[in-house]
Amino acid sequence: MNNRIQEKLEILADAAKYDVSCSSSGSKRKNTKDGLGNATGMGICHTYTQDGRCVSLLKILLTNHCIFDCAYCVSRRSNDVKRAAFTVQEVVDLTINFYKRNYIEGLFLSSGIFKDVDYTMERLVRIAKRLRLEHKFNGYIHLKAIPGASDELIHEAGLYADRLSVNLEIPSEMSLKKVAPEKDYASAYKPMNYLSETITGHKEEKKTIRSTPNFAPAGQSTQLVIGATPETDKNILELAGDLYQEQKLKRVYYSGYIPISDDHRLPALREAPLRRENRLYQADWLLRFYGFKVDEIVDDENPHLDPELDPKMGYALRHPEHFPIDVNKADYEWILRIPGVGVKSAKKIINARRFGQLRREHLKKIGVIWKRAKYFIISADRDFINLGFNPEVIRQQILYTGKRKKDPNQLDLFGNPLAPIPLIPTTPPPAGLSSPKIRTA
Amino acid sequence: MIFCYDGSWNGLLSVIFESFRLQTHATKIVPTEVFQPGLFEAPITIATDEGHAKRVLKGVEKKCGKNGVDLIYQCFLSELPEIEIKIYHFVRTAMSATENVLHNYRDETVLALHKIKKMIGREVHRMHAFVRFQETKDGMLVALINPDFNVLPLSGKHFVDRYPALHWLIYDTKRHYGWHYDQHQSRFITLTERQHEYLAADLLTDSETDYQALWQSYFKKTDIPERRNMKLHLQHVPKRYWKFLVEKWEG
Ligand code: SF4
């Protein structure tokens, strides 16, 4: 092998790494007897980067030459970086050889725009086609659908790829125009809408005609860059909510803006807003798996997620009227809303309570995180009544009884954060209950 | 009553069968080779009987379905001390209950076995993720593993589905056996010589080291130093796996 490939790989992996999506899940692609690979639907992380991100796919750009000049992107025309381009065959070889050594689940291919959009898209499609048809490759393929590409190319891409993504990048069109003058929402929504219609169409058809070919069976996703422009969490989550509802996206990825660019169109961040990104993922999780609506997570009064609390806890504290929840009686949806209870624990609770009343000990063993859940739960021990319910008190307890980690995004102006306050409930207990025990932190 | 058996899965099931037949309670079940004689009790050694083993499994399946059988088999592969007696308790509870106890998480044994199965599942998943094949000159892909639990029997099928047209071997260097697949069928094999924890360089194709180097640079370049979080990294990729992970070798 020559150093040239090595150098290209270095440049084009480096340039692709800021696209945070790396999922290889959601596609079931059966292998053929003479084929290479499959997609099991689960997705496998074959390794993790030193920043703890999953490495599942060979994520590279076909080229980092680009005629556009998006401020947030390392590959922008005006940036002075080393440029490189793979040939179609080089990408195919790398994919096959990495795949058969079990380094990867497949390929995630994106590209800077060289010449024009269709010219670029056509090459991405050609790689996927060659992998599928010539090499009988049944591993995972994620292709970038480049905004502005023709419907025909987008369609062909869907026939070979498991997932397609059109990145909106900037969470509002107004901001997008400022930082990426050549881009607009219309040209991103066009392929997105085309894809969502075609994906739904194929799925419907497949129900009656089994031989209908796959069309992007793992659906489509997009990425939003967080913190480069002034949108609130509410703006971002509303946009995400719409994308899940309207465009039927499988995933929205949030990428905390990393100050890679000294472009004057962008704010000078000291560090990437990782905590904010993390909270957004938690909120997104609530939207997709916990049956929450956007306006239950953020609203006009709270346009930003609470950086100190996970959004489910935030919801519970804003809605004391729904708690406590009796784990021996409540419906699954409500059990899911208890902080400290995940999907798995909720299912186990439903299963286990058929055999008898659940007590605190059972819940702990099932995997409920007791120090979070205890404020919101009634079990057979009925100890909730001793806790009372005062959101402010609970908030303080949660924040100050756990070990607090220092957060790089938080300014530490006064040396020591707030000292714990004594925890005396300020509301009287409901009539008929014994007076609450006073607990101290 | 203390029972000894040959350490095999069918052996354990045979013990369970005998305990039912003798209407006695087992207090301890251990493989003969690790049994340490105590002062007071003489163990009964049970010979493995496939027929008996099958009947136990059938009983468990009837009460708890295929998932019940899976649960105890996978837990057995954990090789944890006293796993035998836990499995024994589970089978007893399952057989005497009127309903399916598989999900009775209020029961200590049921809960314990599910926890163990979860650990096994995680290890299997790690094998799917961390197996790294190297191409040898005779066209075979070889991966060495060294899992915490004996998960090879649960891990191979994944690779059969994935690489049906390739010739490969996954070898457990700790337990000295491997899953060999030759494009048609799978077999468990044991190499005549003890396999080291690395493959000798002269066994490998020339391009093998090239691809390893490419993978190493890919791994390096996909990292974002601004986000470095080694704690998280180590949680996902524990050090004990590093010796088989190409990207973790000093390049
Ligand atoms: S079009 Fe894509 S590759 Fe080109 S500068 Fe914009 S974001 Fe970067």
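Residues numbered from 1 in each chain as written. Chains lettered and ligands numbered in written order. Predicted model: local features only at pLDDT ≥ 70, side-chain atom pairs only at ≥ 80, totals over all residues. Heavy atoms only, no water.

## Description of the domain arrangement of chain B
Often, the extent of an interface is quoted as the loss of accessible area upon association of its parts. Residues and elements named next belong to chain B. Domain boundaries assigned for chain B yield domain 1 (2-123) and domain 2 (131-248). Centre-to-centre separation of domain 1 and domain 2, based on C-alpha positions: 32 Å. Facing the nine residues of domain 1 at the interface are ten residues of domain 2. At the junction of domain 1 with domain 2, the criterion picks out one salt bridge. The salt bridge involving Glu-79 is made with Arg-175; its shortest N-O contact spans 3.1 Å. Top element by residues in the side of domain 1 that touches domain 2 is helix 4 (residues 108-130). It accounts for three residues. (Domains from an automatic or database assignment. Contact = heavy atoms within 4.5 Å. Salt bridge = Lys/Arg side-chain N within 4 Å of Asp/Glu carboxyl O. Helix = DSSP H or I, 4+ residues; strand = E, 2+ residues; numbered from the N terminus.)

## What about the sheet that holds strand 2 (residues 28-31) of chain B?
All names here are of chain B. In spatial order, the strands read 2-1-3; together these three strands make up an open sheet with parallel pairing. Two strands bound the open sheet, and with one partner strand each, they are strand 2 and strand 3 (44-45). By the bridge criterion, four bridges tie strand 1 (residues 2-5) to strand 2 in an arrangement that is parallel. Bridge pairing in strand 2 links Cys-4 to Val-30. The sheet strands contacting helix 3 (residues 83-96) are strand 1 and strand 2, and the helix crosses strand 2 at an angle near 130 degrees. (Pairing = 2+ DSSP bridges. Axes fitted to C-alpha atoms, helices over the stretch in contact; angles between N-to-C directions.)

## Details of the sheet that holds strand 8 (residues 163-165) of chain A
All names here are of chain A. Pairing in this open sheet of six strands is parallel, and the strands run 5-6-7-8-9-10 from one edge to the other. In the strand order of this sheet, the two ends are held by strand 5 (57-61) and strand 10 (251-256), each with one partner. Taking the axes of each pair of neighbouring strands and ignoring which way they run, one obtains an average angle of 20 degrees across the sheet. Relative to strand 6 (residues 106-110), strand 5 runs parallel, the two sharing five bridges. Bridge pairing in strand 6 links Leu-57 to Gly-106. Running at roughly 170 degrees to strand 10, helix 8 (residues 274-289) makes contact with strand 9 (220-226) and strand 10 of the sheet.

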